[in-house]
Amino acid sequence: LRLEPSRPEIAAAMGSLGTDPDLLDHAARRLAARLLGALADPAEARALLGPGRPARLHLPLPAGTPLGAAAPSRLVATLPLTEAAEPDALAARLAGLAAAGIAAELDGLDAGALDLLEITALPPTLLRLHWSPAMAGPGPRAALRRVDPARLVLAGGGGEAALSFALALSIGLVEVPA
């Protein structure tokens with residue numbers, strides 16, 4: 001399950017203040033921190049998610065989001081791929097998340113990114129792929145074959161071509177639009 005607060009809706013709720021990117025980033029961090037707190041409380045989590053618990057709960061956690069003392073189990077922090085541009089800062093962030101019991105995924109891998117970077121140099125997190133027909137090309141396929149398919153999450157993969165692609169590469173985590 002993926003909880004992804006809408007930045008445009010946050011901005012709209014902030015009125016004219018929502019046009020300031022720094023204030024919008026701050027609001028997104030505060031909302032993520034409040035969601036973390038709510039999800040750590042069983043009663044609030046039940047109210048948000050309904051009965052039962054998802055196998056994994058993916059939540060964007062902007063840099064600087066306070067983690068608090070109790071993180072919900074099976075939480076996966078969604079981090080933008082751009083954070084990999086600073087390997088030392090990313091390693092420190094991943095260590096902090098791990099200390100809080102939070103797994104991580106890097107989001108933003110598309111066919112173009114796969115052509116430009118060495119995927120095996122990325123930290124051992126989940127990797128969220130953004131489906132497009134170009135993803136099925138030889139370059140992206142070759143890059144993805146060098147990674148354990150258990151680390152891969154295919155987003156936007158509801159169509160037949162995307163599902164065939166996921167099956168061919170043994171990608172077991174496929175997100176489809178609700």
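In what follows, the accompanying structure is described.

Describing the overall build of the chain
Summing up its helical and strand segments, the chain has 7 helices and 6 strands in all. Seen in sequence order, the chain has helices and strands lined up from the N terminus as α-α-α-β-β-α-β-α-β-α-β-α-β. Compactness check: the chain gives a C-alpha radius of gyration of 17 Å against a globular reference of 16 Å for 178 residues, within 12% of the reference. For the C-alpha atoms alone, the extent of the chain along its principal axes is close to 45 × 35 × 35 Å. Long-range pairs, those at least 24 residues apart, make up 54% of the contacts in the chain with a sequence separation of at least 6. Just so you have it, the chain exposes about 9400 Å², and 60% of that area is on carbon and sulfur atoms. Separation of charge centres in the chain, based on 15 positive and 18 negative side chains, amounts to 7 Å.

Some points on the pairing of strand β5 (residues 152-155)
Here β5 shows two buried faces, one formed by Leu152 and Leu154 and the other by Val153 and Ala155. Note: β5 against strand β6 (residues 173-174), 2 bridges, orientation parallel. Considered in β6, the bridge of Leu154 is made with Val174. Viewed along the sheet, the connection from β5 through helix α7 (residues 160-168) into β6 turns out right-handed.

Quick notes on unusual backbone geometry
One non-glycine residue with positive phi stands out, namely Ser170, at about 60°. Mapping Ser170 onto the fold places it in the loop between α7 and β6.

Looking at the side chain of Glu175
The topology assignment puts Glu175 in the segment after β6. On the basis of relative accessibility, which here comes to 18%, the residue Glu175 falls in the buried class. Within the structure, Glu175 has its side chain in polar contact with the side chain of Arg128 (distance 2.7 Å). With sequence-adjacent residues up to four places away left out, Glu175 is seen in contact with Arg2, Arg128, Val153, Leu154, Ala155, Gly156, Gly157 and Gly158.

Cut-offs and rules
Residues numbered from 1 in each chain as written. Predicted model: local features only at pLDDT ≥ 70, side-chain atom pairs only at ≥ 80, totals over all residues. Heavy atoms only, no water. Helix = DSSP H or I, 4+ residues; strand = E, 2+ residues; numbered from the N terminus. Rg over C-alpha atoms; globule rule 2.2 N^0.38 Å. Contact = heavy atoms within 4.5 Å. Areas by Shrake-Rupley, 256 points an atom, 1.4 Å probe, with all protein chains shown as cover. Lys, Arg positive; Asp, Glu negative; His and termini not counted. Charge placed at Lys NZ, Arg CZ, Asp CG, Glu CD. Buried < 20%, exposed > 50% of the residue type's maximum accessible area, 1.4 Å probe, protein only. Pairing = 2+ DSSP bridges. Right-handed = clockwise from strand over helix to strand, strands pointing away. Polar contact = N/O pair within 3.5 Å; in protein donor to acceptor, adjacent residues only side chain to side chain.

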